[in-house]
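Survey of secondary and tertiary structure
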Amino acid sequence: VQLQASGGGLVQTGGSLRLSCAASGIIFSTNVMGWYRQAPGKQRELVATITSGGITNYADSVKGRFGISRDSAKNTAYLQMNSLKSEDTAVYYCNIFFPTTGRTYWGQGTLVTVSS
């Protein structure tokens, strides 16, 4: 399984970005796709997850500003990020978890920089 994240870049405070994460390989229909981020000097943290059934979960810090969605036919997850703040600056990683095997796969990360 391979994950390809894209869509990062430089944006001003209050701006928006949309990240994409495309999974390829053997993708079990029951899965959870997620976005995590790691800021300089900090641990990786959960941003949002979405199950194959469409159930979403968000970190408190992004609720109301970020939206996770997916196109299961394309094995792709999206993260719409609005009202960006400087503290959202981080490398964003996507992953996919398969409950049937217990395995998690990670993408390579995409850098989001929010400038004030």
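The written sequence of each chain sets the order in which its residues are numbered from 1. This being a predicted model, a pLDDT of at least 70 is required before a residue's local features are given, and a value of 80 or more before pairs of side-chain atoms are given or counted; all residues contribute to the totals for chains, interfaces and linings. Working from all heavy atoms in the structure, the side-chain values ignore hydrogens and water.

**Brief notes about the side chain of Asp88**
Our working definition: Put simply, DSSP H or I for four residues or longer makes a helix, DSSP E for two residues or longer makes a strand, and each gets a number counted from the N terminus. Two residues qualify as a contact provided that any one of their heavy atoms is within 4.5 Å of a heavy atom in the partner residue.
Tracing the backbone shows Asp88 in the loop between strand S8 (76-81) and strand S9 (90-98). For Asp88, the residues in contact, after removing those within four places along its chain, are Arg37, Arg65, Phe66, Ser83, Val112 and Val114.

**A word on the nonpolar core**
As a reminder of what qualifies: In this text, buried Ala, Val, Leu, Ile, Met, Phe, Trp, Tyr and Cys residues form a nonpolar core when linked through side-chain atoms within 4.5 Å. When a residue's accessible area, from a 1.4 Å probe over protein chains only, is under 20% of the maximum for its type it is buried; when over 50% it is exposed; and in between it is partly exposed.
With 30 residues, the main nonpolar core has Trp35, Leu79, Met81 and Tyr92 as its most contacted residues. Contributions of two or more residues to this core are made by strand S1 (2-6), strand S3 (17-24), strand S4 (32-38), strand S5 (45-51), strand S7 (66-71), S8, S9 and strand S11 (110-115). The biggest single contributor to this core is S9, with five residues.

**Some remarks on the state of the cysteines**
We apply this condition: A pair of sulfur atoms, both from cysteines and within 2.5 Å, is called a disulfide here.
Tallying each qualifying case throughout the model produces one disulfide. In this model Cys21 forms its disulfide with Cys94; the gap between the sulfur atoms is 2.1 Å. With the S-S bond torsion at 70°, the cross-link from Cys21 to Cys94 turns out right-handed. With Cys21 in strand S3 and Cys94 in strand S9, the pair connects residues that are 73 residues apart, well separated along the chain. Residue Cys21 shares its accessibility class with Cys94, and that shared class is buried.

**Remarks on the pattern of salt bridges**
We apply this condition: Each salt bridge in this description consists of a side-chain nitrogen of Lys or Arg and a carboxyl oxygen of Asp or Glu lying within 4 Å of one another.
Summed over all chains, the structure comprises four salt bridges. Taken together, the shared-partner salt bridges connect Arg37, Glu45, Arg65 and Asp88 into one network.

**Remarks on the side chain of Asn31**
Convention followed: Pairs of N or O atoms are called polar contacts if they sit within 3.5 Å, as long as, within protein, a hydrogen donor faces a hydrogen acceptor (for residues adjacent in sequence, only side-chain-to-side-chain pairs).
Mapped onto the elements of the fold, Asn31 is located in the loop between S3 and S4. Overall, Asn31 belongs to the buried group, its relative accessible area being 3%. Side-chain polar atoms of Asn31 contact the backbone oxygen of Ser29, separated by 3.5 Å.

**Concerning the packing of aromatic side chains**
The following threshold applies: Between the rings of Phe, Tyr and Trp (Trp by its six-membered ring), a pair exists once the centres lie within 6.5 Å; its type follows the angle of the planes, with under 30 degrees stacked, over 60 edge-to-face, and the other angles tilted. Two conditions define a charge located above a ring, namely a distance within 6 Å from the ring centre to NZ of Lys or CZ of Arg, and an angle within 35 degrees of the ring normal.
On inspection of all chains with the given rule, the structure shows three aromatic pairs. Where Tyr36 meets Trp106, the ring centres are 5.1 Å apart and the plane angle is 65°; that geometry is what we call edge-to-face. Of this pair, Tyr36 sits in strand S4 while Trp106 sits in strand S10 (residues 103-106); the two residues are 70 residues apart in sequence, bridging distant segments of the chain. The interplanar angle of 65° and the centroid separation of 5.9 Å between the aromatic rings of Phe98 and Tyr105 together place this pair among those described as edge-to-face. Here the aromatic cluster, defined as three or more aromatic residues joined through ring pairs, consists of Phe28, Phe98 and Tyr105. A cation sits over an aromatic face here: Arg44 above Tyr93, 3.8 Å from the ring centre. For Arg44, the ring lying beneath its charged end belongs to Trp106, and the centroid distance is 4.6 Å.

By themselves, these observations are geometric and do not establish any function.
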